[in-house]
Amino acid sequence: MASFLDRAHTIAPPGYNRFLVPPAALCVHLCIGQAYAFSTFNLPLSRLIGLSKSVPGDWTLVQLGWIFSIAILVLGLSAAIFGRWVESAGPRKAMFVAALCFGGGFLVSAVGISAHQLWLIYLGYGVLGGCGLGIGYISPVSTLIKWFPDRPGMATGFAIMGFGGGALIAAPLSVLLMEHYKSATSNGVLETFVTMGVLYFIFMSIGALVVRVPAESWKPEGWVAPAQPKKLVTTAQVEVNTAFGTPQFWLLWGVLCMNVTAGIGVLGQASPMIQEMFTGRVTAAGAAGFVGLLSLFNMAGRIFWASTSDYIGRRNTYMVFFLLGILLYFLVPSIGKAGSIPWFVLCFGIILSMYGGGFATIPAYLRDMFGTMHVGAIHGRLLTAWSAAGVLGPVLVNYIRQSQIDHGVPKAQAYSVTMYIMCALLFIGFLCNFFMRPVAERYHYRGNNQAPLATGRSPS
């Protein structure tokens, strides 16, 4: 079994159809994208004892909120820690380990539910499942980029689109299963965790079985690498530890962090925000529809913007994200005061499409800057920006809103200051992207006998 999972056993034979690889990646990303739908379990988990309502001894929503936070934190950390191993082990072994961790996280959590021990759920879904999220997220990236040197943005966007769309499957599936398993003594959440753990392990394992890596000298039929590479697209390679010390890595870290911060804070508060900004005009059901629509924009933006970046370039794509994002966030308070719900929905739909597009475009941006050799490992380290943004975004939206309300600002206007702060954050991201330059030659990998010399002044 161990031998079967080795990278050497996943090299594609001549004539292999490279378009089978994105569906293999989707098998993983559609499963781990369930993380965005974990909130469907919060109320049932808070009523394990009372069943129909929370009673003394049940967990609070505040306690349960840490499950998702721990999972996202561990996602970034595990992607950074195991990124180099993912590169060396190959996609099949990495995707299978991700399946074990993510599916196993549900099963460990089920034990925690049965024993009513919250720490086991933190350990199961938060830590073990979070490792599955991190390893599963980055495992197909370098493989897809190697299969699609002609369209790296499209390839990674297609796969990472699955992470954004996984909630569209997981949310109704979770509700359906809990309803199916509900009984006089159970609200069905325990049985649902077991079922989903098994299902996700099976589907992620199918992806691991299907995935292949190209032979060393493989190129798409008829494709010839440009004699003169595009600006900010390197033909050299940069080793992961060397890349970590370049100014380009940290500029891209700032680019991703600012783009994600601006989107994730809104995503977490979308439902109450639209209800409070349009009091009496948007119902809870309408707000739920708004959240679902944002998920569709998030998912569609991942393939649209990543594919667009293949034509206009990664740097230009992020310029659009930041400049258009600043304009839209600046307009939102005025749109709210004017009471225009359609324009409000359209603005945030575009914002969330760029949030998703940022995730899908960054692997190709890394490939352009650092080459393909360790792009998956470099991507893993860069995802720590997501962990930071996952804390920064919600804190800004939630705490500034509450501070505004405490100072007597009406709820309908309590988000205005936050929107202007998001403009400032996006401007910081714009500056990081504006100052992006090619990686200096001294950082380029020169083989085992000639390690890169990463000293001296950074390139201007």
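As a reminder, the structure under discussion sits directly above these lines.
Section: the overall build of the chain
Turning to step 1, where the next piece is worked out: Along its length, the chain carries 18 helices and 0 strands.
Turning to step 2, where the next piece is worked out: Overall, the chain is about 65 × 55 × 40 Å in size when its C-alpha atoms are taken along their principal axes.
Turning to step 3, where the next piece is worked out: Counting over 460 residues, the chain shows a buried share of 54%.
Turning to step 4, where the next piece is worked out: For the chain, contacts bridging at least 24 residues in sequence account for 81% of all contacts bridging at least 6.
Turning to step 5, where the next piece is worked out: A total accessible area of about 19,100 Å² is found for the chain, and carbon and sulfur atoms account for 67% of it.
Turning to step 6, where the next piece is worked out: Here the chain contributes 27 positively and 14 negatively charged side chains, and the mean placements of these two sets differ by 6 Å.

Let's talk about helix α9 (residues 189–210)
Turning to step 1, where the next piece is worked out: Here α9 is 22 residues long and its end C-alpha atoms lie 32 Å apart, about the 32 Å a rise of 1.5 Å per residue gives.
Turning to step 2, where the next piece is worked out: Taken together, the buried positions of α9 are Val 189, Thr 192, Phe 193, Thr 195, Met 196, Gly 197, Tyr 200, Met 204, Ser 205, Gly 207 and Ala 208.

Quick word on the environment of Phe 96
Turning to step 1, where the next piece is worked out: With respect to the helices and strands, Phe 96 occurs in helix α5 (residues 91–115).
Turning to step 2, where the next piece is worked out: Classification of Phe 96 as buried rests on a relative accessible area of 18%.
Turning to step 3, where the next piece is worked out: For Phe 96 and Phe 82, which are 14 residues apart along the polypeptide, the C-alpha to C-alpha distance reads 14 Å.

Things to note about the state of the cysteines
Turning to step 1, where the next piece is worked out: Applying the stated criterion to the full structure yields 0 disulfides.
Turning to step 2, where the next piece is worked out: Lacking any disulfide linkage, Cys 347 is separated from the closest cysteine sulfur, that of Cys 423, by 11 Å.
Turning to step 3, where the next piece is worked out: Classification of Cys 347 as buried rests on a relative accessible area of 5%.

What to know about unusual backbone geometry
Turning to step 1, where the next piece is worked out: A positive phi is found at Leu 51, a non-glycine position, where the angle reads about 65°.
Turning to step 2, where the next piece is worked out: Among the secondary structure elements, Leu 51 is positioned in the loop between α3 (42–45) and α4 (61–89).
Turning to step 3, where the next piece is worked out: Even without being a glycine, His 116 presents a positive backbone phi close to 55°.
Turning to step 4, where the next piece is worked out: With respect to the element layout, His 116 can be found in the loop between α5 and α6 (118–138).

Focus on the packing of aromatic side chains
Ring pairs (aromatic) are described by centroid distance and by the angle formed between their planes.
Turning to step 1, where the next piece is worked out: A full pass over the atoms with the stated rule returns 37 aromatic pairs.
Turning to step 2, where the next piece is worked out: Plain terms: the ring middles of Phe 102 and Phe 106 are 5.4 Å apart, the flat faces sit at 85° to each other, and that makes the pair edge-to-face. Residue Phe 102 and its partner Phe 106 are located together in helix α5, separated by 4 residues, close to a single helical turn. Residue Phe 102 shares its accessibility class with Phe 106, and that shared class is buried.
Turning to step 3, where the next piece is worked out: Taken together, a centroid distance of 5.2 Å and an interplanar angle of 85° make the contact between Tyr 355 and Phe 359 edge-to-face. Separated by 4 residues within a single helix, Tyr 355 and Phe 359 lie in helix α15 (residues 341–370), roughly one turn from each other. Grouping residues by exposure puts Tyr 355 and Phe 359 together as buried.

Overview of the nonpolar core
Turning to step 1, where the next piece is worked out: Leu 45, Tyr 329, Phe 344, Phe 348, Phe 370 and Trp 386 are the most contacted members of the largest nonpolar core, which has 132 residues in total.
Turning to step 2, where the next piece is worked out: For this core, the leading source of residues is α15, giving 16 residues.
Turning to step 3, where the next piece is worked out: Setting aside residues up to four positions removed in sequence, Tyr 329 forms contacts with Ala 262, Gly 263, Val 266, Phe 348, Ile 351, Met 419, Met 422, Cys 423 and Leu 426.

Details of a nonpolar patch on the surface
Turning to step 1, where the next piece is worked out: Together, Phe 4, Leu 20, Leu 107, Val 194, Val 198, Leu 199, Ile 202, Phe 203, Ile 206, Leu 209 and Val 210 line one region of the surface with nonpolar side chains, adding up to about 850 Å² of accessible area.
Turning to step 2, where the next piece is worked out: Among the elements that make up the nonpolar patch, the one with the highest residue count is α9 (8 residues).
Turning to step 3, where the next piece is worked out: Mapped onto the elements, Val 194 comes out in helix α9.

Considering the side chain of Ser 109
Turning to step 1, where the next piece is worked out: Relative to the helices and strands, Ser 109 resides in helix α5.
Turning to step 2, where the next piece is worked out: Only 2.8 Å separates the side chain of Ser 109 from the backbone oxygen of Gly 105, close enough to count as a polar contact.

Considering the side chain of Asn 433
Turning to step 1, where the next piece is worked out: Looking at where Asn 433 falls in the secondary structure, it is placed in helix α18 (residues 416–434).
Turning to step 2, where the next piece is worked out: A polar side-chain atom of Asn 433 sits 2.9 Å from the main-chain carbonyl oxygen of Arg 315.

Description of the pattern of salt bridges
Turning to step 1, where the next piece is worked out: Summed over the entire model, instances satisfying the criterion amount to 8 salt bridges.
Turning to step 2, where the next piece is worked out: Here Arg 151 and Asp 150 are joined by a salt bridge, their closest N and O atoms 3.9 Å apart.
Turning to step 3, where the next piece is worked out: You can call Arg 151 partly exposed: its relative accessible area is 30%.
Turning to step 4, where the next piece is worked out: Residue Asp 368 is joined to Arg 367 by a salt bridge in which the shortest nitrogen-to-oxygen separation is 3.3 Å. As far as the burial class goes, Asp 368 and Arg 367 line up, both buried.
Turning to step 5, where the next piece is worked out: What emerges from the salt-bridge pattern is a single network uniting Asp 310, Arg 314, Arg 367 and Asp 368.

Section: the environment of Phe 148
Turning to step 1, where the next piece is worked out: Relative to the assigned elements, Phe 148 resides in the loop between α7 (141–147) and α8 (152–181).
Turning to step 2, where the next piece is worked out: With relative accessibility at 0%, the residue Phe 148 sits in the buried group.
Turning to step 3, where the next piece is worked out: In this structure, the C-alpha to C-alpha distance between Phe 148 and Leu 252, residues 104 residues apart in sequence, is 22 Å.

A few points about the packing of helix α14 (residues 314–338) against α15
Turning to step 1, where the next piece is worked out: At their nearest, the axes of α14 and α15 sit 9 Å apart, and the two run at 160° to each other. As far as their axial angle goes, α15 and α14 are roughly antiparallel. As α14 runs across α15, the sense of the crossing is left-handed.
Turning to step 2, where the next piece is worked out: In terms of residue class, the contact of α14 with α15 is built from 18 nonpolar, 5 polar and 3 charged.

As for the environment of Gly 90
Turning to step 1, where the next piece is worked out: Note that Gly 90 resides in the loop between α4 and α5.
Turning to step 2, where the next piece is worked out: Taking the relative accessible area as the measure of exposure, Gly 90 reaches 1% and is therefore buried.
Turning to step 3, where the next piece is worked out: As for Gly 90 and Gly 162, which are separated by 72 residues in sequence, their C-alpha atoms are 21 Å apart.

Rules used in this analysis
Residues numbered from 1 in each chain as written. Predicted model: local features only at pLDDT ≥ 70, side-chain atom pairs only at ≥ 80, totals over all residues. Heavy atoms only, no water. Helix = DSSP H or I, 4+ residues; strand = E, 2+ residues; numbered from the N terminus. Buried < 20%, exposed > 50% of the residue type's maximum accessible area, 1.4 Å probe, protein only. Contact = heavy atoms within 4.5 Å. Areas by Shrake-Rupley, 256 points an atom, 1.4 Å probe, with all protein chains shown as cover. Lys, Arg positive; Asp, Glu negative; His and termini not counted. Charge placed at Lys NZ, Arg CZ, Asp CG, Glu CD. Expected span 1.5 Å × (residues − 1). Disulfide = S-S within 2.5 Å. Phe/Tyr/Trp six-rings, centres within 6.5 Å; stacked < 30°, edge-to-face > 60°. Core = buried A, V, L, I, M, F, W, Y, C linked by side-chain atoms within 4.5 Å. Patch = residues over 30% accessible without salt bridge, like charges linked within 9 Å, V, L, I, M, F, W, Y side chains within 5 Å. Salt bridge = Lys/Arg side-chain N within 4 Å of Asp/Glu carboxyl O. Polar contact = N/O pair within 3.5 Å; in protein donor to acceptor, adjacent residues only side chain to side chain. Axes fitted to C-alpha atoms, helices over the stretch in contact; angles between N-to-C directions. Parallel < 35°, antiparallel > 145°, perpendicular 65-115°, else oblique. Left-handed = near helix turned anticlockwise from the far one by under 90°. Nonpolar A, V, L, I, M, F, W, Y, C, P; charged D, E, K, R; others polar.

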